[in-house]
Amino acid sequence: MNLQNIISELEKVDGEVYDRLKHVSRRHLFSMFGRKAAAVAAPTVLASALTKAYGEVPDPVIADVLNFALTLEYLEAEFYNVGMDMPGLIPAGAPRVVFTQIRMHENAHVNLLKSVLGSQAVAKPRFDFTAKGTYPDVFKNYNTFLTLSQAFEDTGVRAYKGQAPKLMSSDPILTTALQIHSVEARHAARVREMRGMKGWITGNMSAGVPPAVYAGDEAIRHLEISALIPGVPYENSTEAWDEPLSKEDVLKIVMPFLM
């Protein structure tokens, strides 16, 4: 991937990337890579620029959170890469348009997190999207593919929310994580609608998704205040809130998909 493509990928998840790179002017950054002599140094120079843009090399706590997020993004990106390349799986028209865009987003998330982490980034694991045989037709049956897409996207939304407090010591990284979180939420809503469901979660209804994805999402107490809306059914009141998932709970969901 050349420099223009890398910056374009980063811009998809962080519209202010050029502002963050103001210590290296856009013209200077690209002119450096226009010279053959600098070509070999491109990854090093870009990594240095990104480190300055998003802060120093992440401390261990932040690096752990970002690597956790990177593992989830690896999972999602690989899922869509395989699915989009599987002949006949995703119908032509709107479905392919949607998943082409989602795949682009997930790969952009991977590239951004790897760039920020630099040498601290974990390697991409190997995946078993059948979850040890639980979903044997995931890349043959479009409905199964949609089910797991919903599972991964809704897990991602709750996972980012659960880890956000640990990023509060770094405003740029917290901001970028929340930008990714909001994109994941849009993915989740769109996929749920493609399955004929509401774009938001009602209680802990799983609709074929592993139940752990929605465990605890039926809660209606926030800041010690009941969010139950007078005259509104309990199930509908739960739709106004999404609950975070702990790292441990997310790993329980993800582990069956890791080899």
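Residues numbered from 1 in each chain as written. Predicted model: local features only at pLDDT ≥ 70, side-chain atom pairs only at ≥ 80, totals over all residues. Heavy atoms only, no water.

By the naming in an unreviewed UniProt entry, the protein is Ferritin-like domain-containing protein, taken from Spirosoma taeanense.

Trainee: Just checking my understanding: could you explain helix α9 (residues 171–194) for this structure?
Mentor: For α9, which comprises 24 residues, the first-to-last C-alpha distance of 35 Å matches the rise-based estimate of 34 Å (1.5 Å per residue) to within 8%. Buried within α9 are the following residues: I173, L174, T176, A177, I180, H181, V183, E184, H187, A188, V191 and R192. Looking one or two residues beyond α9, the residue adopting positive phi is G196, at roughly 80 degrees. (Helix = DSSP H or I, 4+ residues; strand = E, 2+ residues; numbered from the N terminus. Expected span 1.5 Å × (residues − 1). Buried < 20%, exposed > 50% of the residue type's maximum accessible area, 1.4 Å probe, protein only.)

Trainee: Looking at this model, I keep getting lost on the packing of aromatic side chains. Mind explaining?
Mentor: Any aromatic ring pair is given by two values, namely how distant the centres are and how the planes are angled relative to each other. Under the defined criterion, the tally for this structure stands at 14 aromatic pairs. Taking 6.4 Å as the distance between ring centres and 50 degrees as the angle between the ring planes, the aromatic pair formed by F139 and F145 counts as tilted. Exposure remark for F145: the relative accessible area of 0% places this residue in the buried category. (Phe/Tyr/Trp six-rings, centres within 6.5 Å; stacked < 30°, edge-to-face > 60°.)

Trainee: Sorry, what's going on with the pattern of salt bridges here?
Mentor: Two side chains that carry opposite charge are able to pair once their charged atoms sit near each other. In the structure shown here, the tally under the stated rule is four salt bridges. The closest approach of N and O atoms between D85 and R103, which form a salt bridge, is 3.4 Å. You can see D85 sitting in helix α6 (residues 60–85) and its partner R103 sitting in helix α7 (residues 94–117), a full 18 residues away along the chain. We classify D85 as exposed; its relative accessible area is 55%. (Salt bridge = Lys/Arg side-chain N within 4 Å of Asp/Glu carboxyl O.)

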